[in-house]
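The residues making up each chain are set out below.
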Amino acid sequence: MLPSHYRMRRSADFGATVKHGRRAVQPDVVVYSRVVDDRQIDTLDVAEASPQVGLIIAKSVGSAVDRHRVARRLRHVARDVLGDLHPGERLVIRALPSSSGAKSAALRAQLCAGLQAVHRAGGVAR
């Protein structure tokens, strides 16, 4: 599971990351990434300065059972990429409807590819 201090909880963080962050589209997921301004990182506590990951799993993914299964898989996969995230980075993973049939290995590969794409695209958005 994803440790609690790495979980994004505030709606404003989700909205800012999706609206102002960089985006990479993969077959089963869309990855959004945004870094909190360096000046703000110094004023944040340890939990807020660490990278945070949030999931968006809409009803179009499937039934409640399907959505929870996708969420568990994505949280597990996200835990593996925490070391690749920058301090203060906010990462939002949006599950697309096809993600309900995807295996964990495929989701991991797509998340890694998406994360590399947003990092490569002129650095992480600030």
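None of these values were measured; they are calculated from a predicted model.

Within the protein chain, the regular secondary structure consists of five helices and four strands. Element order for the protein chain, N to C, with α for helix and β for strand: α-β-β-α-α-β-α-β-α. With 126 residues in all, the protein chain has 40% of them scored as buried. For the protein chain, contacts bridging at least 24 residues in sequence account for 81% of all contacts bridging at least 6. Roughly 6,700 Å² of accessible area belongs to the protein chain as shown, and the carbon and sulfur atoms make up 51% of that amount.

Let us look at the pattern of salt bridges. A complete count under the given rule lists three salt bridges for this structure. Note that R10 is salt-bridged to D13, the shortest N-O span being 3.1 Å. Assessed through its relative accessible area of 49%, R10 is described here as partly exposed. Ionic pairing is found between D66 and R69, a salt bridge with its closest N-O pair at 3.1 Å.

Attention now goes to the pairing of strand β3 (residues 52-57). Strand direction decides the pairing type here: β3 and strand β4 (residues 89-95), joined by six bridges, are parallel. Paired with L55 across the strands is I93, a residue of β4. Since β3 and β4 lie parallel, the crossover through helix α4 (residues 64-80) that links them has a hand, and here it is left-handed.

Viewed as axis vectors pointing N to C, α4 and helix α5 (residues 104-120) meet at an angle of 50°, and their least axial separation amounts to 9 Å. In terms of orientation, α4 lies oblique with respect to α5. When you trace α4 past α5, the crossing you get is right-handed. For the pair formed by α4 and α5, the contact residues are R73, L74, H76, V77, A78 and D80 on the first element and S104, L107, R108 and L111 on the second. Here the residues of the contact of α4 with α5 sort into five nonpolar, two polar and three charged.

So, how was this worked out
- Residues numbered from 1 in each chain as written.
- Predicted model: local features only at pLDDT ≥ 70, side-chain atom pairs only at ≥ 80, totals over all residues.
- Heavy atoms only, no water.
- Helix = DSSP H or I, 4+ residues; strand = E, 2+ residues; numbered from the N terminus.
- Buried < 20%, exposed > 50% of the residue type's maximum accessible area, 1.4 Å probe, protein only.
- Contact = heavy atoms within 4.5 Å.
- Areas by Shrake-Rupley, 256 points an atom, 1.4 Å probe, with all protein chains shown as cover.
- Salt bridge = Lys/Arg side-chain N within 4 Å of Asp/Glu carboxyl O.
- Pairing = 2+ DSSP bridges.
- Right-handed = clockwise from strand over helix to strand, strands pointing away.
- Axes fitted to C-alpha atoms, helices over the stretch in contact; angles between N-to-C directions.
- Parallel < 35°, antiparallel > 145°, perpendicular 65-115°, else oblique.
- Left-handed = near helix turned anticlockwise from the far one by under 90°.
- Nonpolar A, V, L, I, M, F, W, Y, C, P; charged D, E, K, R; others polar.

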